[in-house]
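What the coordinates show
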Amino acid sequence: MSRSQNINQNDIINGNEIMQNFIKKTETYNHSMCLDNSSMSMNTKSKAHFNDVTEQILFCQNGIDNLNMSSNKTSSTFNKESSEEIKPIDEVLMVDIISNGYKYEDTSFELNIVQPCYVVSIISPYAFTIQLQRDLIESDKFFKNMNDYYNSIYDLQLTQEYLRKNLLCVTYDEITLTWNRSQIMEYDLNQDTVNVFFVDLNSWEENVSRSRIRFILTKYSSRPVHLLTCRLATIASLNDDTEWNDVVLRTFQNLVHNCQCDVEPLYKRCDNTFYVNLFAQHDEVYVCINDFLIHCKMARPIDDITNDDNTTTFMLDDDGQPMHSIIALYWKAGETASEKDTSINSHDDQHRSEASTEPFQTKSSFLTKLVLIDEKNKIIFARYNSYIMVPWFILSDILKELDEEKIKILANTFGFKPSIINPLKHVLLCSQLLKLASSASISSEISLYSIDCVRKILKACHYTQAATFDLLDRARLAEASNDMTFWDQSFEG
């Protein structure tokens with residue numbers, strides 16, 4: 001179920017009139033200033049007036065140019081209230097290109113207390129999303145303000161150069177005609193599309209055209225997500241602990257459709273999923289949905305509240321923390337499809353078969369490739385969790401002045417964090433990389449950096465070897481298209 005954020009036609013008409021008057025007043029003022037002070041520079045008072053009608057948007061570091069956006073560059077789809085909120089005097093709006101995730105606010109969601117809520121989306125009784133009633137008005141105001149802003153500008157289009165996994169952005173929904181906060185999960189450079197996760201809807205969309213994506217301002221990315229991910233407590237499906245049939249899913253959806261519910265959180269899992277009792281007014285009867293599904297023999301009772309997180313297997317994010325459960329579902333769905341493709345071609349490539357000996361990894365998860373740039377320099381690529389990365393010691397070899405700590409500091413400055421591998425968990429990949437390393441003194445724990453991060457570090461250090469950047473571009477394209485032939489190609493820099 002989507003947020004109801006369709007733009008009201010009356011608001012648009014009013015916004016047009018107000019914006020036109022706003023621009024006319026600005027032009028009149030600027031014209032009078034030119035007449036009265038043609039030989040003088042703008043004084044302090046005129047600068048203050050100028051700031052009322054001019055919005056300066058600064059792009060954070062990493063080479064994006066500053067962009068001044070005045071009122072005559074905007075369209076006319078926001079009303080007086082939103083324009084006042086968007087354009088306070090001297091406000092500096094910054095684009096967020098360094099964050100890797102949104103913050104979630106759930107501290108006010110008290111355990112064992114029944115609270116009014118609305119169900120926002122449902123994947124299954126084990127994965128659905130709610131919003132507390134008390135947050136609804138504030139959230140709607142925030143989303144309206146953000147929609148008004150992005151409907152009022154023509155800029156902030158996301159360029160291919162800044163595509164990366166986990167980049168925060170804003171995505172336009174062509175069905176509901178709204179802008180939604182999102183996060184890039186994957187991208188395809190050939191098709192120029194991305195897969196995005198909508199953080200305020202707890203859903204995702206694949207193959208989204210990059211033309212529908214915009215950079216997100218820090219004022220919008222910094223607002224915590226108030227959605228809560230839940231699962232019905234103390235019940236399980238009749239045949240399996242995790243799979244629910246379509247009949248159960250439709251019954252659950254019908255019980256909460258267009259209905260205010262009450263939720264009682266019982267337990268919070270380490271991936272921020274809440275085990276809850278959910279209540280709804282159905283046919284003039286107040287129903288506990290957990291008990292209703294058991295009563296209708298669509299579920300069976302279990303004791304899952306006492307389960308220890310240590311007995312549950314979680315997918316981990318890039319920081320080694322339990323991944324958001326809905327995002328984990330996205331990746332699991334992709335792994336399932338990948339495993340089906342792998343089983344069909346299981347005997348095609350003996351080299352890839354040998355590389356799949358790591359436990360719990362799909363075929364070809366770990367591969368390495370060494371390419372000579374010139375007589376003295378080389379670059380090593382490593383495939384880790386479907387991403388093509390470069391070990392830190394290669395960067396240190398190319399940029400002699402950088403050691404491991406300096407590389408880490410530079411990467412953090414650009415908003416990147418390394419993936420750390422060690423011989424205990426990544427036996428094959430570590431052993432391959434250590435064999436290819438120039439120095440025997442390298443620690444067995446290895447930091448891997450993404451292609452985008454390596455490019456930014458090289459540029460920041462004024463590295464000019466074109467062949468190296470060409471190799472990085474080839475690797476990035478192979479990563480985006482999941483081109484496994486990249487590892488078999490024999491080419492030099």
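Residues numbered from 1 in each chain as written. Predicted model: local features only at pLDDT ≥ 70, side-chain atom pairs only at ≥ 80, totals over all residues. Heavy atoms only, no water.

It is the contact of helix 13 (residues 451-460) with helix 14 (residues 466-481), at a shortest axis distance of 10 Å, that shows an interaxial angle of 160°. Put simply, helix 13 runs roughly antiparallel to helix 14. Here the hand of the crossing between helix 13 and helix 14 comes out left-handed. Residues I451, D452, V454, R455, L458 and K459 of helix 13 pack against T468, F469, L472, D473, A475 and R476 of helix 14. Taken together, the residues of the contact of helix 13 with helix 14 break down into six nonpolar, one polar and five charged. (Axes fitted to C-alpha atoms, helices over the stretch in contact; angles between N-to-C directions. Helix = DSSP H or I, 4+ residues; strand = E, 2+ residues; numbered from the N terminus. Parallel < 35°, antiparallel > 145°, perpendicular 65-115°, else oblique. Left-handed = near helix turned anticlockwise from the far one by under 90°. Contact = heavy atoms within 4.5 Å. Nonpolar A, V, L, I, M, F, W, Y, C, P; charged D, E, K, R; others polar.)

Examined against the element boundaries, I213 turns out to sit in strand 10 (residues 213-215). The exposure class of I213 is buried, given its relative accessible area of 1%. Along the primary structure I213 and T159 are separated by 54 residues, whereas in three dimensions their C-alpha atoms are 9.1 Å apart. (Buried < 20%, exposed > 50% of the residue type's maximum accessible area, 1.4 Å probe, protein only.)

It is worth spelling out the pattern of salt bridges at this point. Scanning the entire structure with this criterion turns up eight salt bridges. In this structure, R210 engages D192 in a salt bridge whose closest nitrogen and oxygen atoms are separated by 2.7 Å. A residue pair is termed long-range when its members are at least 10 positions apart, and R210 in the loop between strand 9 (203-209) and strand 10 and D192 in the loop between strand 7 (178-188) and strand 8 (193-198) qualify at 18 residues. Accessibility expressed as a relative area gives 21% for R210, which makes it partly exposed. Across the salt bridge formed by E205 and R212, the nearest N and O atoms sit 3.2 Å from each other. (Salt bridge = Lys/Arg side-chain N within 4 Å of Asp/Glu carboxyl O.)

A few words on the packing of aromatic side chains. Counting across every chain of the model gives 19 aromatic pairs. With a centroid separation of 5.6 Å and an interplanar angle of 5°, the aromatic rings of F279 and Y286 are classed as stacked. Residue classification places F279 among the buried residues on the basis of a relative accessible area of 14%. Considering the side-chain rings of F381 and F486, the 5.6 Å spacing of their centres and the 70° angle between planes classify their relative orientation as edge-to-face. Of the two residues, F381 sits in strand 18 (residues 378-384) while F486 sits in the segment after helix 14, which places them 105 residues apart along the sequence. There is no split in this pair, since F381 and F486 are both buried. Taken together, F142, F143, Y149, Y150, Y172, W179 and Y220 form an aromatic cluster joined through their ring pairs. Between R164 and the ring centre of F416, over which it is positioned, the NZ or CZ distance is 5.4 Å. Geometry around F143 places R223 over its ring, the cationic atom sitting 5.8 Å from the centre. (Phe/Tyr/Trp six-rings, centres within 6.5 Å; stacked < 30°, edge-to-face > 60°. Lys NZ or Arg CZ within 6 Å of the ring centre and 35° of its normal.)

Before going further, it helps to examine unusual backbone geometry. Its identity as a non-glycine residue notwithstanding, N207 has a phi of 55°, on the positive side. Mapped onto the secondary structure, N207 falls in strand 9. In this structure, N272 is a non-glycine residue whose phi angle is positive, near 70°. Judged by relative accessible area, which is 33%, N272 ranks as partly exposed.

Let us look at the nonpolar core. One finds Y150, F381 and I457 to be the most contacted residues of the largest nonpolar core, which totals 94 residues. Examining the composition of this core, we find that seven residues originate from one element, helix 14, more than from any other. Apart from residues no more than four positions distant in its own chain, I457 is found in contact with L395, L399, L402, I407, L410, A411 and F414. Counting residues in hydrophobic clusters, the runner-up holds 28 residues, among them L132, W244, V248 and V263. (Core = buried A, V, L, I, M, F, W, Y, C linked by side-chain atoms within 4.5 Å.)

Right, let's get into the sheet that holds strand 7. Judged by pairing direction, the sheet is antiparallel, and its five strands sit side by side in the order 9-8-7-6-10 without closing on themselves. Lying at the two open borders of the sheet, with one neighbouring strand each, are strand 9 and strand 10. Along the sheet, successive strands turn relative to each other by an average axial angle of 45°, direction set aside. Judged from the six bridges that link them, strand 6 (residues 168-173) and strand 7 form a sheet pairing that is antiparallel. Each bridged residue has a counterpart across the sheet, and for Y172 the counterpart in strand 7 is W179. Where helix 4 (residues 136-151) meets the sheet, its contacts fall on strand 6, strand 7 and strand 10, and the angle it forms with strand 7 comes to roughly 75°. (Pairing = 2+ DSSP bridges.)

Of the residues in the protein, 70% reach a pLDDT of 70 or more, and the chain-wide mean stands at 74. Note on residues 1-16: pLDDT is under 50 here. Beyond four places in sequence and across chains, it has 29 contacts. (pLDDT = per-residue confidence, 0-100.)

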